Amino acid sequence: MTQHLNLIHGEWVAGHTLAPNLNPSNLADVIGEYTQGDAAQVDLAVAAATAAFPAWSTGSVQARSDALDKIGTEILARREELGTLLSREEGKTRAEGIGEATRAGQIFKFFAGECLRLSGETLPSVRPGIGVEITREPVGVVGLITPWNFPIAIPAWKIAPALAFGNCVVLKPADLVPGSAWALAEIISRSGIPAGVFNLVMGRGSVIGDALVKHPGIHAISFTGSVGVGRRIAETCVQSGKKVQLEMGGKNPQVILDDADLKQAVELSVQSAFFSTGQRCTASSRLIVTEGIYEQFIAGVTARLAGLKIGDALTAGTDIGPVVSQAQLEQDLSYVEIAKSQGATVAAGGQRVACHTGSGHDGFFMAPALITDTTPEQRINREEVFGPVASVIRVKNYEEALAVANDTEFGLSAGIATTSLKHATHFKRHAQAGMVMVNLPTAGVDYHVPFGGRKGSSYGPREQGRYAQEFYTTVKTAYTLA
Ligand code: NAP
């Protein structure tokens, strides 16, 4: 069994124990053993990053750009292999895994360019004879804490801008899916980046994540994950004066109006609610449908779900892979029961199923659940499930649809299916979400533009695109007497 170690100051270092990385499609398949670090290794990683920071942060931007470009090139060249590994450990289909690996490569390429585009401003002072310059400098040593659902893209969209703008990094990936992050770290270790600039410490969030967040040598924390963990991290960071960026949960609404193109509305709703097994923070989990199209829409979604193939993530033709873990499967199934107990109807799916490859309950497979007859105040419409579960809320008109869409503590992504320019335009302005989609799934975004939400979904500056510099740099204002 291959053992995968932590990367600290350019060396591969064993932690105190090893944990197996299991394939959620086939529990007999152990992908590898991954070391579990401890707080002492966090100390070593932060010390390595701190030592590397002065040279890296003031060094050649060409060297940074070359390294990021090299990382992106290798990821893209190995996208099939990395995408297969990703699907094997996380459970999204192989096509989705390859797509995610490709995205990771593109992100490194994008930030290879961004290194060279960091600009400042020169202004006249209000006082005569003085010049004012505004420049951006790296923040310092940043701790990156990532979730299991995008095991290579989310590490990539944090690591690439952190390094591009001259920071040093300690990455703590999700314990459930360390394989993709480890493979990425291995690529980074051969990119020409000096020892200590990038460090990987795998292990439990309650140990490694907590130690990072509390470490006095860490200047900023970028976290993606659940609301509960995120809010605790924010409190700790604020107390110690660390910069903090949180991307958290969603309860994303997809509005379908009477005038929508029915076929398009069905397809985009099924894709955004159920593809990637519904395990996307941007997944549509609330389908808000006006009365005139309601019956046809439900019939269309139900028919489309019946045609989806649930099975091993690596098998060609699979549409929906397994849920990531036993605990997540139990949570998903429990929300179906909660919905039923509050009066909802399960119109399709909602049960554990045997794998189509014939290995029985060897994986965490679940039939996508479409839950109808729900009302906005029910738990199924208020709490994030994070699985292949979508509920439907019937509304009278656009005004009610918008009100229901916004009636949530979350605000990540919101979608509308309509042929009305008036309603599309109004929705873009009034949906309380960081990202709005018109006739597109709520999930599925570009890498060169800002990503993030409002309300309980996000805290701090946006990720991705050139907006990433807000978090990974700090502004300096310099005055010079001429
Ligand atoms: P999670 O349980 O909050 O874990 C996220 C990361 O935090 C993991 O690496 C975890 O380590 C670590 N962690 C756990 N406890 C910690 C602590 N006390 N201190 C510091 N770090 C700690 O979330 P998840 O289950 O991995 O991911 C699902 C959630 O992520 C969903 O809510 C989803 O909506 C959200 N998400 C949001 C976005 C977005 O951009 N808005 C994108 C993707 C996912 P372990 O691996 O050991 O648990």
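Here the structure is a predicted model, which means the values were calculated and not measured.

(A) Focus on the environment of Ala-51. Among the secondary structure elements, Ala-51 is positioned in helix H1 (residues 39-58). Judged by relative accessible area, which is 58%, Ala-51 ranks as exposed. The spatial distance from the C-alpha of Ala-51 to the C-alpha of Ile-134 is 27 Å, given a sequence separation of 83 residues.

(B) Summary view of empty space enclosed by the protein. Counted under the stated rule, the structure contains 2 cavities of 30 Å³ or more. In this structure, the largest cavity encloses a volume near 100 Å³. Together, 15 residues line the largest cavity, and Gly-278, Arg-280, Ala-283, Ser-285 and Phe-386 are the ones closest to its centre. Roughly 70 Å³ of volume is contained in the second largest cavity. Taken together, 15 residues line the second largest cavity, and the ones lying closest to its centre are Pro-253, Ala-405, Phe-410, Gly-411 and Gln-432. Taken together, the elements giving at least two residues each to the lining of the second largest cavity come down to strand E13 (252-256), helix H12 (398-406) and strand E18 (413-417). Each residue belonging to the lining of the second largest cavity can be placed in one class, and the counts come to 6 nonpolar, 7 polar and 2 charged.

(C) Local environment of the sheet that holds E18. Strands sit in the order E15-E16-E17-E14-E13-E18-E19 across an open sheet of 7 strands; the sheet is mixed. Looking at which strands have only one partner, the edges of the open sheet turn out to be strand E15 (345-348) and strand E19 (435-438). Averaged over all adjacent pairs, the angle separating strand axes in this sheet is 25 degrees, with direction ignored. By the bridge criterion, 3 bridges tie E13 to E18 in an arrangement that is parallel. Looking across to E18, one finds that Val-255 is bridged to Ile-416. The sheet strands contacting H12 are E13, strand E14 (284-290), strand E17 (389-395) and E18, and the helix crosses E14 at an angle near 160 degrees.

Rules behind the numbers
Residues numbered from 1 in each chain as written. Predicted model: local features only at pLDDT ≥ 70, side-chain atom pairs only at ≥ 80, totals over all residues. Heavy atoms only, no water. Helix = DSSP H or I, 4+ residues; strand = E, 2+ residues; numbered from the N terminus. Buried < 20%, exposed > 50% of the residue type's maximum accessible area, 1.4 Å probe, protein only. 1 Å grid on protein atoms, 1.4 Å probe; cavity = no way out; pocket = protein on both sides within 12 Å on 5 of 7 lines; lining within 4 Å. Points joined across faces, edges and corners; volume = space filled by probe spheres on them. Nonpolar A, V, L, I, M, F, W, Y, C, P; charged D, E, K, R; others polar. Pairing = 2+ DSSP bridges. Axes fitted to C-alpha atoms, helices over the stretch in contact; angles between N-to-C directions. Contact = heavy atoms within 4.5 Å.

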